Structures are given as structure tokens and as C-alpha cells.
Amino acid sequence: MTTTCVKRAFKYRFYPTDAQAAELSRTFGCVRKVYNLALVARTEAWARQERVNYNATSAMLTAWKRTEELAFLNDVSSVPLQQTLRHLQTAFTNFFAKRARYPRFKSRKKARKSAEYTTSGFRFRDGRLTLAKMNEPLDIVWSRPLPLGVKPSTVTVSQDAAGRWFVSLLCEDPSVSPLPASGQAVGIDVGLEHLLTLSTGEKIANPRHGRKDRARLAKAQRKLSRKAKGDGANRAKARRKVARIHARIADRRRDHLHKLTSRLVRENQTLVIEDLTVRNMVKNRSLARAISDAAWSGFRGMPEYKAAWYGREVIAVDRFFPSSKLCGHCGTLAKRMPLHVRTWTCGNCGTTHDRDTNAANNLLAAGLAVTACGAGVRPQRRTPGGQSVTKQEAPRREP
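Parameters at a glance
Residues numbered from 1 in each chain as written. Predicted model: local features only at pLDDT ≥ 70, side-chain atom pairs only at ≥ 80, totals over all residues. Heavy atoms only, no water. UniProt positions renumbered as here; feature names shortened; annotations may be inferred. Helix = DSSP H or I, 4+ residues; strand = E, 2+ residues; numbered from the N terminus. Domains from an automatic or database assignment. Contact = heavy atoms within 4.5 Å. Buried area = accessible area lost by both parts, 1.4 Å probe. Salt bridge = Lys/Arg side-chain N within 4 Å of Asp/Glu carboxyl O. Axes fitted to C-alpha atoms, helices over the stretch in contact; angles between N-to-C directions. Parallel < 35°, antiparallel > 145°, perpendicular 65-115°, else oblique. Left-handed = near helix turned anticlockwise from the far one by under 90°. Nonpolar A, V, L, I, M, F, W, Y, C, P; charged D, E, K, R; others polar. Patch = residues over 30% accessible without salt bridge, like charges linked within 9 Å, V, L, I, M, F, W, Y side chains within 5 Å. Areas by Shrake-Rupley, 256 points an atom, 1.4 Å probe, with all protein chains shown as cover. Lys, Arg positive; Asp, Glu negative; His and termini not counted. Charge placed at Lys NZ, Arg CZ, Asp CG, Glu CD. Pairing = 2+ DSSP bridges.

Asker: Please clarify how the UniProt feature "domain: Cas12f1-like TNB" (unreviewed entry) in the protein chain should be interpreted in this entry.
Answerer: Feature annotation in UniProt places "domain: Cas12f1-like TNB" (unreviewed entry) on residues 296-363, given in this structure's numbering. Taken end to end, residues 296-363 is 35% helix and 16% strand, and its two terminal C-alpha atoms sit 17 Å from one another.

Asker: Sorry, what's going on with the UniProt feature "domain: Transposase putative helix-turn-helix" (unreviewed entry) in the protein chain here?
Answerer: On the UniProt side, "domain: Transposase putative helix-turn-helix" (unreviewed entry) is annotated at positions that read residues 6-50 here. A helix fraction of 67% and a strand fraction of 20% characterise residues 6-50, whose end C-alpha atoms lie 38 Å from each other.

Asker: Hey, could you run me through the domain arrangement of the protein chain in this one?
Answerer: How large an interface is tends to be reported as the accessible area lost when its parts come together. Split by domain assignment, the protein chain resolves into domain 1 (6-173) and domain 2 (178-377). Averaged C-alpha coordinates put domain 1 and domain 2 at centres separated by 33 Å. Each partner contributes residues to the interface: domain 1 has seven residues there, and domain 2 has seven residues. Between domain 1 and domain 2, a total of about 620 Å² is buried, with carbon and sulfur atoms accounting for 55% of that surface. The largest share of the area that domain 1 buries against domain 2 comes from Arg8, Ala162 and Arg164, three residues that together contribute 54% of it. Scanning the region where domain 1 abuts domain 2 turns up one salt bridge. Between Arg164 and Asp251 there is a salt bridge, with the nearest N and O atoms lying 2.9 Å from each other.

Asker: Which parts of the structure should I look at to understand the packing of helix 1 (residues 18-47) against helix 3 (residues 78-96)?
Answerer: When two helices pack together, their arrangement is given by the angle between the helix axes and by the axis-to-axis distance. Remark: helix 1 packs on helix 3, axes separated minimally by 9 Å, with the N-to-C direction vectors making an angle of 40 degrees. One finds that helix 1 runs oblique with respect to helix 3. Note that helix 1 runs across helix 3; the crossing there is right-handed. In this structure, helix 1 contributes Thr27, Cys30, Val31, Val34, Tyr35, Ala38, Leu39, Arg42 and Trp46 to the contact, and helix 3 contributes Pro80, Leu81, Thr84, Leu85, Leu88, Gln89, Ala91, Phe92, Phe95 and Phe96. In terms of residue class, the contact of helix 1 with helix 3 is made up of 15 nonpolar, three polar and one charged.

Asker: For this particular structure, what's the right way to read a positive patch on the surface?
Answerer: A surface patch of like charges, here positive, comprises Arg216, Lys219, Arg222, Lys223, Arg226, Lys227, Lys237, Arg239, Arg240, Lys241 and Arg244. Put simply, the parts of the chain that give the positive patch at least two residues each are helix 5 (214-225) and helix 6 (233-267). Counting residues per element, the positive patch draws most heavily on helix 6, which supplies five residues.

Asker: Which parts of the structure should I look at to understand the sheet that holds strand 5 (residues 140-141)?
Answerer: Sheet strands pair by backbone hydrogen bonding; their relative direction is either parallel or antiparallel. Spatial ordering of the open sheet is given by 2-6-7-1-5, a layout of five strands whose pairing is antiparallel. Looking along the sheet, the strands with just one partner apiece sit at the ends: strand 2 (113-118) and strand 5. Two strands pair when backbone bridges link them, and strand 6 (residues 154-159) and strand 7 (residues 165-173) are joined in this way by six bridges, in the antiparallel orientation. Each residue of the ladder has a partner; that of Ser158, found in strand 7, is Phe166. Sitting on the sheet, helix 1 is in contact with strand 1 (6-14), strand 2, strand 6 and strand 7, with an inclination near 95 degrees to strand 2.

Asker: Got a minute to help me understand the packing of helix 1 against helix 2 (residues 54-65) in this structure?
Answerer: Taken N-terminus to C-terminus, the directions of helix 1 and helix 2 make an angle of 120 degrees; their axes are 10 Å apart at the nearest point. As summarised for this structure, helix 1 and helix 2 are arranged oblique, according to the angle between their axes. Taken as a pair, helix 1 and helix 2 cross one another with a handedness that is right-handed. For the pair helix 1 and helix 2, contact is made by Val34, Leu37, Ala38, Ala41 and Arg42 and by Tyr54, Thr57, Met60, Leu61 and Trp64, respectively.

Printed below as a string of C-alpha cells:
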């Protein structure tokens, strides 16, 4: 069995000293300042129909450091400053390729702050990580070991809105190898009553992590709304409390999705899912909160990169495929399928279907048919009327 090296990020929490926290906070501020200055320079140059690339902004950074107004940029490591210019270059590349929107300015009150260090900006020896401009290594909680004999190529330090510090180490992981071939294939239909319904008939419950902490979150948000607006300590403390609740929900949701998608990838050679546009679906006011809590968008990407690691295949079926209204027994298409109907009987063959299980079976059949034909099934189009199609799910209003 062949072993392939894949780039994999290992994320850990760490607890900085007061001096390290102050140094990292200065670095975050300088990274934000350089990014915004370079974005202004590139925007103004674009208006003049001039071309400015990474090399030009790097030269600008050198000039900025020599000015009295921006001399404080010399106080932090130059590596994160250069990296933020590379990130800006990537943002413009994605914009011109129509893969992303025009780059936006970084806010001082941004929830997540980060800085990236390359190999010249840190030292990693004997499991101890020391960043540039620091005398002591970071106090990292090694919740899982790094692959043996592997050193990180880049290190990203970040602080979230809840005030937690994290370090992410990007490594070439040689331990990832394709799993033994399996003849299993499964169709996966996402939902709200059940998070996933598989073509095997298995239904995976929706844990509804957001609903469990909703009362606690609402109470914290009410306390925050009563604090005087500004940069006061009381408001900052209340804001961190709200952020901690959001972080708790997001952590549990992410952990559940990782465990679930890892199991599906291990057990099946082919996974067939629906190519949903979650961004349009959350515009439905009745379902937006429930869809966000189910984290459909988070589930969408996880099986793809894990399948690439382990030699599996993920097939995305066109979002306009009528998986719920199509009879999986005779192929008859129902004219109407109201959202509240969870079980229906085909008028042609008389077969009674569970709505979600039938949809998962139809997705599996469509995906396998496409595989046999050797064609892709991810068209980017809209309905003739220009309206987006929303996945039909029970319109439950969250209490």
C-alpha cells in the first residue's frame, strides 16, 4: 500500500506569558496595519490602471518602516508582515479569478486575530516551539503528537473572540495512507429533523448544539446589550462571555461532524451527497437558524478532503435533482411534495416511501450512474426564473 505525504495542520491550544501575549498582540496589530496599507495602495493603483503585485508591496513595506510614523513596524518580526502581503496577493488572485469577493479591510475589533510564521520566524526543537522576538518557548498543550520526525513548515498563531490562544502547525504528514478498497457506496441526504439520512436506512440524529445553549446565550447577550457602548472593561468582559458560549457551541458542532465524516469515509468507498447552496438557503427566515445549527456547509467540505487522503470518492449530485419527489421504485416524479410530507405513496406503483430515505437512495443511484458515464455533476446554474432552489425540509420554527 502506497503512502503519500499530505499537508496537514495540527492545531493546539497554548497559554502565553504576559510578555508573550503582549508581543503577539503587537504583532497582530502590525499585521493588520500592513495589510490595510497594502490594500489601500493596491486599490488606488487599480483606480489608476496600474499594476501592483506582492514584490511592489514588499518594497513599500521597507519604505514604511523607514518613516517616523510607521517605525513601530520594526519592533515585531518581519516574517508575519511579509506573510500578510502574500495573503493579500492570494486574495487578489482569487478575486480576479472570480472565486472570491474584493478583499476587505481588517478591523481592529475583528473576532479572530492571527499571524503566520515561516521557518525563518520560529525554532522547533525537541517538541518546543519558540517564535521570533521571544526568549521562551510557548506553553503548548500537546493534545495529540505530531508525526515522528516531522517539523512544521509554517506556524500560525491566533486568538479567537473568547480570548483563547491557538497555534496551528502545518506539516507534511507521511502517516496518511489510502485505506483498503471497499465496495460500499452510500447516498447521504442532509436534513433538520435528522442531520443525515443514509441510503442504508440509517438516520443520524441532529444534536442541535445551538438549541441546547440558546437560553444561556440569550442571557449573556442581554447582559452585553445593557453595557455602555465603547471600549470599557465591563463591555469587553461581557463580550468575551458571549464569545465563549459561541465557541463552546462551535467546538461541539465541529467535533461531531469530524467524527461522523471520518466514520463515513472509512466505511464507504463512494459517498454521494447533494450539491447544496447553503448561502442561499439560510435566506429562508423560517429555517435559517436551524440550517446554521445543523452546519450543512461544514459537513459539505469535510468528506471531500478526507476522501482525497484515504483514496475514497465523493460525488456531488446537481442541487436541482428532484431526489425527494422521485419514486425510487418506478421512477415516477410526483407533481407536488409539500414540506410537511415526510412519508408518501407513489400514485403509479403504490410504493410507500420515507421521504428522506427515498431521497438518499435516489442520490446514490444518480451518483453511481454518473460514475458509470464518467461525467461530472456539479453544474453552476439557476432556475429559468433566476431563483435559487432551496432544499425542501420541514418548516419548523425554532422556539
